[in-house]
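# Notes for the structure review
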Amino acid sequence: QKEVEQNSGPLSVPEGAIASLNCTYSDRGSQSFFWYRQYSGKSPELIMFIYSNGDKEDGRFTAQLNKASQYVSLLIRDSQPSDSATYLCAVGALSNFGNEKLTFGTGTRLTIIP
Amino acid sequence: KAGVTQTPRYLIKTRGQQVTLSCSPISGHRSVSWYQQTPGQGLQFLFEYFSETQRNKGNFPGRFSGRQFSNSRSEMNVSTLELGDSALYLCASSLAEGQDVLAKNIQYFGAGTRLSVL
């Protein structure tokens with residue numbers, strides 16, 4: 001079983017609609033959760049992070065965390081063609097050295113259809 | 001503030017050769033992590049360095065090694081290259097210390113080095 005699982009997609013969403021990206025993780029000790037966006041041929045860039053159960057909103061993006069269900073999601077409202085990218089979910093857990101080690105999912109490819 | 005810098009951006013090598021990749025972290029960041037990204041496997045963790053010491057290591061063979069210098073710059077070396085080593089190699093830096101527990105572990109990625117093994 002993979003430690004961090006994402007639907008690889010592709011996920012196609014009409015422009016202006018809400019895109020919903022999901023991620024599940026296996027380590028119950030995980031403490032931090034990140035969403036990175038990666039355009040084709042580019043490196044990942046951080047768009048959201050969340051540590052507490054519930055929702056966290058930043059502009060058109062909302063991250064949702066449910067630790068009991070080991071589930072984290074990213075909602076993108078008013079989707080734009082520029083949102084077309086691969087979205088990587090990363091989960092952090094404490095290592096033996098006291099720092100966080102991130103484990104990435106394989107990513108969901110999102111396409112916004114004009 | 002300059003971002004994470006990786007050099008070179010592209011490399012072409014043949015099987016059996018070795019290669020060294022370089023990563024300069026964001027100024028003030030002391031942790032550098034290395035990842036291998038391939039279409040089939042996604043982003044795989046190689047290792048992490050902090051204060052010139054390897055702290056965490058992924059499940060890669062010993063042909064993959066790294067080091068970190070006193071200025072936090074890091075190098076990754078792959079010896080006896082195999083065709084399967086063709087990938088995008090990414091490094092990411094983080095503060096890794098400080099009072100802000102939330103911010104110190106956020107990783108920022110460089111543009112990557114694309115390695116092709118022929």
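Here we summarise the structure given alongside this text. (Residues numbered from 1 in each chain as written. Chains lettered and ligands numbered in written order. Predicted model: local features only at pLDDT ≥ 70, side-chain atom pairs only at ≥ 80, totals over all residues. Heavy atoms only, no water.)

Let us now look at the pattern of salt bridges. Residues and elements named next belong to chain B. One pass over the full model with this rule turns up 8 salt bridges over all chains. Residues Arg55 and Glu48 are paired through a salt bridge, measuring 2.8 Å at the closest nitrogen-oxygen approach. Of the two residues, Arg55 and Glu48, both sit in the buried class. One salt bridge in this structure joins Glu75 and Arg73, with 3.4 Å as the shortest N-O distance. Judged by relative accessible area, which is 16%, Glu75 ranks as buried. Accessibility expressed as a relative area gives 23% for Arg73, which makes it partly exposed. One network of salt bridges, in which partners are shared, links Arg63, Glu82 and Asp85. (Salt bridge = Lys/Arg side-chain N within 4 Å of Asp/Glu carboxyl O. Buried < 20%, exposed > 50% of the residue type's maximum accessible area, 1.4 Å probe, protein only.)

Now for the sheet that holds strand S8 (residues 71–76) of chain A. Backbone-to-backbone hydrogen bonds pair the strands of a sheet. The strands run either parallel or antiparallel. Residue and element names in this part refer to chain A. Strands sit in the order S1-S3-S8-S7-S6 across an open sheet of 5 strands; the sheet is antiparallel. Because the sheet does not close on itself, it has two edges, and the strands there are strand S1 (4–6) and strand S6 (54–58). Averaged over all adjacent pairs, the angle separating strand axes in this sheet is 20°, with direction ignored. Pairing of strand S3 (residues 19–25) with S8 involves 6 bridges; the strand directions are antiparallel. What sits directly across from Ala19, in S8, is Ile76. (Pairing = 2+ DSSP bridges. Helix = DSSP H or I, 4+ residues; strand = E, 2+ residues; numbered from the N terminus. Axes fitted to C-alpha atoms, helices over the stretch in contact; angles between N-to-C directions.)

Once that is clear, we can look at the pairing of strand S7 (residues 64–68) of chain B. Residue and element names in this part refer to chain B. Pairing of S7 with strand S8 (residues 74–78), which is carried by 5 bridges, proceeds in the antiparallel orientation. Counterpart to Gln68 in the pairing with S8 is Ser74. Between S7 and S8, which follow one another and run antiparallel, lie 5 residues, and Ser72 among them has a positive phi close to 75°.

All right, on to the interface of chain B and chain A then. Counting residues at the interface gives 20 residues for chain B and 17 residues for chain A. Between chain B and chain A, the buried area comes to about 1700 Å², and carbon and sulfur atoms account for 60% of it. For the pair chain B and chain A, the number of links is 0 salt bridges. Run the count over chain B and chain A and you get 3 residue pairs in polar contact (both at pLDDT 80 or more). Take the side of chain B that touches chain A: its biggest share by element is 4 residues, from strand S5 (residues 42–50) of chain B. When grouped by side-chain class, the residues that make up the side of chain B that touches chain A number 10 nonpolar, 8 polar and 2 charged. (Contact = heavy atoms within 4.5 Å. Buried area = accessible area lost by both parts, 1.4 Å probe. Polar contact = N/O pair within 3.5 Å; in protein donor to acceptor, adjacent residues only side chain to side chain. Nonpolar A, V, L, I, M, F, W, Y, C, P; charged D, E, K, R; others polar.)

Counted by the stated rule, this structure contains 2 disulfides over all chains. Residue Cys23 of chain A pairs covalently with Cys89 of chain A via a disulfide, S to S 2.0 Å. Where Cys23 of chain A bonds to Cys89 of chain A through sulfur, the torsion about that S-S bond is close to -70°, and the disulfide is left-handed. Linking Cys23 of chain A in strand S3 with Cys89 of chain A in strand S9 (residues 85–94), this pair joins segments that are 66 residues apart in sequence. Each member of the pair Cys23 of chain A and Cys89 of chain A is classed as buried. Between the sulfur atoms of Cys23 of chain B and its disulfide partner Cys91 of chain B the distance amounts to 1.7 Å. Its S-S torsion of approximately 50° makes the covalent link between Cys23 of chain B and Cys91 of chain B right-handed. Within this pair, whereas Cys23 of chain B is found in strand S3 (residues 19–24), its partner Cys91 of chain B is found in strand S9 (residues 87–94), the two being separated by 68 residues in sequence. With a relative accessible area of 0%, Cys23 of chain B lands in the buried category. (Disulfide = S-S within 2.5 Å.)

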